[in-house]
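The chain contents come next:
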Amino acid sequence: MNILLCSTPVHGHVTPLLAVSAALVERGHRVFFLTGARYAGRAADTGATVLPLPAEADYDDTDMDAAFPGRVGLTGPAGIRYDMRAIFLAPARAQLAAVDTAIARHGIDVVLAESLFLGAALLTARPRASRPAVLNLGIVPLGLRSRDTAPFGLGVAPKPGPTGRLRNAALTLVAEKAIFAPVQKEAVRIALEAGAPLGGFILDWPSHSDGVVQFTVPSFEYPRPDVTVPVHFVGPVSRTQRSDTPLPAWWGDLDDGRPIVHVTQGTVANRELGDLVLPTIRALADADVWVIASTGGRPVLDLGESLPANARVAPYLPYDDLLPRTAVYVTNGGYGGVHYAMEHGVPIVIAGTTEDKTEVSARVAWTGAGVSLRTNQPTQEAIAAAVRTVLADRRYAEASARIGADIRSSSGLDGVERAVVEACAPGATRPRRTSTSPSRR
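The rules behind these values
Along every chain, residues carry numbers that run from 1 in the direction the sequence is written. In view of the model being predicted, local features appear only for residues whose pLDDT reaches at least 70, and side-chain atom pairs are presented and counted only at 80 or more, with totals across whole chains, interfaces and linings using the full set of residues. Excluding hydrogens and water, the side-chain values take into account all heavy atoms of the structure. Secondary structure is summarised from DSSP: a helix means a run of H or I of at least four residues, a strand means a run of E of at least two, and numbering begins at the N terminus for each. Exposure classes here rest on a 1.4 Å probe applied to the protein chains alone. A residue is buried below 20% of its type maximum, exposed above 50%, and partly exposed in between. Pairs of residues are marked as contacts when any of their non-hydrogen atoms sit within 4.5 Å. Two strands form a pair only when DSSP identifies at least two bridges running between them. In this description, a line fitted to the C-alpha atoms serves as the axis of each element, helices being fitted only across the stretch in contact, and the angle between N-to-C directions of two axes falls anywhere from 0 to 180 degrees. A score between 0 and 100, pLDDT records how confident the predictor is in each residue. Each residue after the first adds 1.5 Å to the expected span of a helix.

With that settled, consider the environment of T172. Structurally, the position occupied by T172 is in helix α7 (residues 161-179). Look at T172 and you get buried, because its relative accessible area is 8%. Each C-alpha atom, one on T172 and one on F152, is 8.9 Å from the other, the two residues being 20 residues apart in sequence. Those residues in contact with T172 that lie beyond four places of it in its chain are R145 and P151.

What follows is the structure, given as structure tokens:
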């Protein structure tokens, strides 16, 4: 089978697809990987044939605020609105042209596109008979439109019953006709220019695909019984593996029995460690815990030369050794990192309101797996209070552990391949799929 993987040139978008690419190649499929120049080498290492994005659809994501200065300081819907227009929607036509070239040259059977590769939205606007099967790879929380959920981007959890549905309908109207109206207007224009009129709201494009392969488990997602597109919950495709990151010299200090609080801003949104990492270190300076921080590759000295006695820092840490010992995971809300924590049953304190992090934070709070601070820059007092709450109340750890059990038993990369084969089967249809109800606190 000839498979085209498509990703915007952003680290958090490309990385999950690298695991998918390697697995599909190993299973005997011919994989073509369409992404930016910065990730060409990593994509090639999976065994895929790399196809470069056109220059107008490529950019260097090492400093997104420098590449797109208009996004600085924007959070919530305003941040998502800007990112949608400038980072993800503007390249859509060039992305579609590259996809069309790949289809024509390589006889592509199925296109796998991550959620914000919006060239795929234009592709799915075409009649099914005139394009290959298209599957959405859900690298961010599920955003399919449903009467039982608020629109994606607001970070609003479900509310049961008729009152909740009325609220959701009102919020959807406001989101599509007001908050994200400029995004939709631009999307409609771009789609018409591409000869592929949109069939609905741009953020809901996966509902027009041939299936969604969501990189989570039902217990970490809102139920949507009215959704008709097939949704395959495969769990995170990247699971905790044996790490070759060496143990830091101070590792033995952690054997004194004190609880371990791990704080990280990941490897991308870590330019300002003063947003979360440093405030957490300072907030817990007098607490009877270890505060273990990862700078995500940035110099340790960026945190200053004098740190509290209970703080230990390294550029990177071996999660296979650290997470089984961690009592609280403090994070800015990366989808992958949150799943790593829950895989090990670690409760979460989350502080993220940009990109998809608003939705990740809402799900952490809704499932009871942790506490959301509802800001990118929490105060030291708020961090300390949240950590104390999570340490004192076992229900947070129990909720995380329940989701973790589902993650460990989920199908992963095998499930991805099954979804691909199903979408390409002769006479494949779009059966109704009903999400199962999550276990909540």
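Right, let's get into the sheet that holds strand β1 (residues 2-6). Taking strand neighbours across the sheet as the criterion, the seven strands line up as β3-β2-β1-β4-β5-β6-β7 in an open arrangement whose pairing is parallel. With one partner strand each, in any of the chains shown, β3 (49-52) and β7 (231-233) form the two edges of the open sheet. Neighbouring strand axes in the sheet, compared pairwise and without regard to direction, differ in orientation by 20 degrees on average. Here three bridges tie strand β5 (residues 133-138) to strand β6 (residues 212-214), and the two strands are oriented parallel to one another.

Before going further, it helps to spend a moment on the pairing of strand β10 (residues 311-314). Of the two faces of β10, the one lined by A311 and V313 and the one lined by R312 and A314 are each fully buried. As defined by bridge partners, strand β9 (residues 290-294) adjoins β10 across four bridges and the pair is classed as parallel. Its bridge partner lying in β10, I292 is registered against R312.

Overall, the predicted model of the protein reaches an average pLDDT of 92, with 95% of residues at or above 70. Of the regions scoring below 50 in pLDDT, residues 430-441 engages in 45 contacts with residues more than four places distant in sequence or in other chains.

Attention now moves to helix α1 (residues 11-26). Taking 1.5 Å per residue, 16 residues should reach 22 Å; α1 reaches 23 Å between its end C-alpha atoms and fits that length. Of all the residues in α1, the buried ones are H13, V14, P16, L17, L18, V20, S21, A23 and L24. Once α1 ends, the next one or two residues include G28, with phi positive near 95 degrees.

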